[in-house]
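Take a look at the letters that make up each chain.
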Amino acid sequence: MTELQEVQITEERPLLPGQTPEMAKEAELAARILLDRGQTHSVETPYGSVTFTVYGTPKPKRPAILTYHDVGLNYKSCFQPLFQSGDMQEIIQNFVRVHVNAPGMEEGAPVYPVGYQYPSLDQLADTIPCILQYLNFSSIIGVGVGAGAYILSRYALNHQDTVEGLVLINIDPNAKGWMDWAAHKLTGLTSSIPEMILGHLFSQEELSGNSELIQKYRNIITHAPNIENIELYWNSYNNRRDLNFERGGDITLKCPVMLVVECNSKLDPTQTSFLKMADSGGQPQLTQPGKLTEAFKYFLQGMGYMASSCMTRLSRSRTASLTSAASIDGSRSRTRTLSQSSESGTLPSGTPGHTMEVSC
């Protein structure tokens, strides 16, 4: 029998007319640099133009990671520390990313005229299908903070078949009650818009500590050239409707979710595992990007992605979920407990109703 020999076949891309191999290499390098920097697009929606930036290329049979930022921030100031961290590189190599800016929040955005009707959070959620249609993306894993977490939740409730998972940080799914409105009005009499937004983003303890991070973001928000636009987004957030989540009811998120503990009372405890992040502050993607990344990796593994990923920071805890819930009191403590739905897979060696404590 004739011995079979292994032949290495390499793909050769045809050169364009007049293009030398050196020119082709330079063009390929330029394309890679462009992908690393991201490609910014704008799409017209029923509620105005929306700007977003795409990093990487779509991966076969994998959703895009789509982020939505909080009030007072844009995609860069909200997510750049997280996605530029060394621990995150393994994730971004496996997924294309879409970073959405709320209207008027992108760098260099013109200030809206007086009387401009800014979209509600529900309407902002309705702009996401326009983005996905423009990119021809069929499904996403959403990552949202604050107002952005609300927007992605609303989108997921309306478009369940296109959302494979959600990471919701610092979400408040409830509309403001009368007491909340009274407190907000009284605060508005003595505090500026930047100070109120900072109080939303960070805990009082963090603000009193006045760390370099707090000074940086106070400067960003106070001197924002589009502060009028930011106030419009802030007003939409404060006028949000109740998401009406119900434990065991018809209105609930069907996809796997990693979220903050405030929503725990609305979730089925038999289908959730808790991930406790200590000392993470109000914006863990800024203060503890490494810890949050490891949590995200576990979350993706539970969904069936990145099975070979190496975990280095997470240690399992057998603390009951009731203990972790009790540790969060009404003083707006920003030590967050994140929850992961085990509907599509459980955390390694974990059981529903238990915490997984993140430690360095």
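Scroll up to find the structure.
Predicted, not measured: the structure shown is a model, and the values here were computed from it. (Residues numbered from 1 in each chain as written. Predicted model: local features only at pLDDT ≥ 70, side-chain atom pairs only at ≥ 80, totals over all residues. Heavy atoms only, no water.)

Chemist: Looking at this structure, I do not really get the overall build of the protein chain. What am I missing?
Modeler: Of the regular secondary structure elements, the protein chain holds 14 helices and eleven strands. Of the roughly 18,100 Å² of accessible surface on the protein chain, 51% is carried by carbon and sulfur atoms. (Helix = DSSP H or I, 4+ residues; strand = E, 2+ residues; numbered from the N terminus. Areas by Shrake-Rupley, 256 points an atom, 1.4 Å probe, with all protein chains shown as cover.)

Chemist: Is there a simple way to explain the packing of helix α8 (residues 193-201) against helix α11 (residues 227-238) in this structure?
Modeler: Helix-helix packing: each pair is described by the crossing angle between the helix axes and the interaxial distance. Close contact between α8 and α11 brings their axes to 11 Å; oriented N to C, the two are set at 50°. The angle between α8 and α11 places the two elements in the oblique class. The way α8 lies across α11 gives a crossing that is left-handed. On α11, the residues touching I193, P194, M196, I197 and H200 of α8 are I227, I230, E231, W234 and Y237. Residues of the contact of α8 with α11, tallied by class, amount to eight nonpolar, one polar and one charged. (Axes fitted to C-alpha atoms, helices over the stretch in contact; angles between N-to-C directions. Parallel < 35°, antiparallel > 145°, perpendicular 65-115°, else oblique. Left-handed = near helix turned anticlockwise from the far one by under 90°. Contact = heavy atoms within 4.5 Å. Nonpolar A, V, L, I, M, F, W, Y, C, P; charged D, E, K, R; others polar.)

Chemist: What exactly am I supposed to notice about the pairing of strand β6 (residues 163-169) here?
Modeler: Across the seven residues that make up β6, a large majority, six, are buried. As paired strands, strand β5 (residues 140-145) and β6 are joined by six bridges and run parallel to one another. Note on β6: the bridge partner recorded for I140 is V163. Of the crossover connections in this fold, the one passing from β5 over helix α6 (residues 147-158) to the parallel β6 is right-handed. (Buried < 20%, exposed > 50% of the residue type's maximum accessible area, 1.4 Å probe, protein only. Pairing = 2+ DSSP bridges. Right-handed = clockwise from strand over helix to strand, strands pointing away.)

Chemist: What is the right way to look at the side chain of S153 in this model?
Modeler: Mapped onto the secondary structure, S153 falls in helix α6. For S153, a relative accessible area of 0% puts it in the buried group. Within the structure, the side chain of S153 is placed 2.9 Å from the backbone oxygen of A149, a separation counted as a polar contact. Not counting chain neighbours up to four residues away, the residues in contact with S153 comprise L166, L168, I171, L243, F245 and L253. (Polar contact = N/O pair within 3.5 Å; in protein donor to acceptor, adjacent residues only side chain to side chain.)

Chemist: Whenever I open this one, α8 confuses me. Can you help?
Modeler: Counting along an α-helix, one turn takes 3.6 residues, and residues three or four places apart therefore face a common direction. Within α8, seven of the nine residues are buried, which leaves it mostly tucked inside the rest of the structure. Listing the buried residues of α8 in full gives I193, P194, M196, I197, L198, H200 and L201.

Chemist: What am I meant to see in the nonpolar core here?
Modeler: Here is a general trend for soluble globular proteins: nonpolar side chains tend to be buried in one another's company. V98, L166, Y233 and F296 are the most contacted members of the largest nonpolar core, which has 83 residues in total. With eight residues, α6 is the largest single contributor of residues to this core. With residues up to four places along the chain from it excluded, the contact list for L166 reads G142, L152, S153, A156, L253, C255, P256, V257, M258 and F299. (Core = buried A, V, L, I, M, F, W, Y, C linked by side-chain atoms within 4.5 Å.)

Chemist: What exactly am I supposed to notice about the pattern of salt bridges here?
Modeler: Working definition: two side chains of opposite charge can pair if their charged atoms are close together. Within this structure, the stated rule accounts for seven salt bridges. Linking D122 and R241 is a salt bridge whose minimum nitrogen-to-oxygen distance equals 2.6 Å. Taken together, the residues span a long stretch of sequence, with D122 in helix α4 (residues 121-125) and R241 in the loop between α11 and β7 (257-260) at a distance of 119 residues. Where E294 meets K297, a salt bridge forms, and the shortest distance between an N and an O atom there is 3.9 Å. Taken together, the positions of E294 and K297, both in helix α13 (residues 289-302) and three residues apart, correspond to about one turn of that helix. A single network of salt bridges, built from pairs that share partners, joins E90, E294 and K297. (Salt bridge = Lys/Arg side-chain N within 4 Å of Asp/Glu carboxyl O.)

Chemist: What is the right way to look at helix α5 (residues 128-135) in this model?
Modeler: Listed as buried for α5 are I128, C130, I131, L132 and L135. Downstream of α5 by a residue or two, N136 has a phi angle that is positive, lying close to 60°.

Chemist: How should I be thinking about the packing of α5 against α6 in this particular structure?
Modeler: At a minimum axis distance of 11 Å, the contact between α5 and α6 shows a crossing angle of 75°. Accordingly, the angle class assigned to the pair α5 and α6 is roughly perpendicular. For the pair formed by α5 and α6, the contact residues are I128, P129 and L132 on the first element and I151, L152 and Y155 on the second. Counted by class, the contact of α5 with α6 contains six nonpolar, no polar and no charged residues.

Chemist: Is there a simple way to think about the pairing of strand β1 (residues 39-45) in this case?
Modeler: The side chains of a regular strand alternate between the sheet's two faces. Taken together, the seven bridges between β1 and strand β2 (residues 48-55) define a ladder with antiparallel strand orientation. Counted as the bridge partner of E44 is S49 from β2. Count of turn residues in the β1/β2 antiparallel hairpin: two residues.

Chemist: Just checking my understanding: could you explain the packing of aromatic side chains for this structure?
Modeler: The way to describe two aromatic rings as a pair is by their centre distance and the angle between their planes. As enumerated under the stated definition, the model contains nine aromatic pairs in all. An angle of 65° between the planes, with centres 6.2 Å apart, marks the rings of F79 and F83 as edge-to-face. With F79 and F83 both in helix α2 (residues 75-83) and four residues apart, the pair spans about one turn of that helix. Seen from their ring centres, Y118 and Y233 are 6.2 Å apart, and the 45° between their planes marks the pair as tilted. (Phe/Tyr/Trp six-rings, centres within 6.5 Å; stacked < 30°, edge-to-face > 60°.)

Chemist: I'm lost on the environment of Q80 in this one. Help?
Modeler: Within the secondary structure, Q80 is located in helix α2. Judged by its relative accessible area of 30%, Q80 is partly exposed. The spacing of Q80 and P289 is 209 residues in sequence and 9.8 Å in space, taken between C-alpha atoms.

Chemist: Where do I start with the environment of G108 in this structure?
Modeler: For G108, the location among the structural elements is in the loop between β4 (97-101) and α4. When the C-alpha positions of G108 and N226 are compared, they lie 8.2 Å apart, and in sequence the two are 118 residues distant.

Structural measurements only, silent on function.
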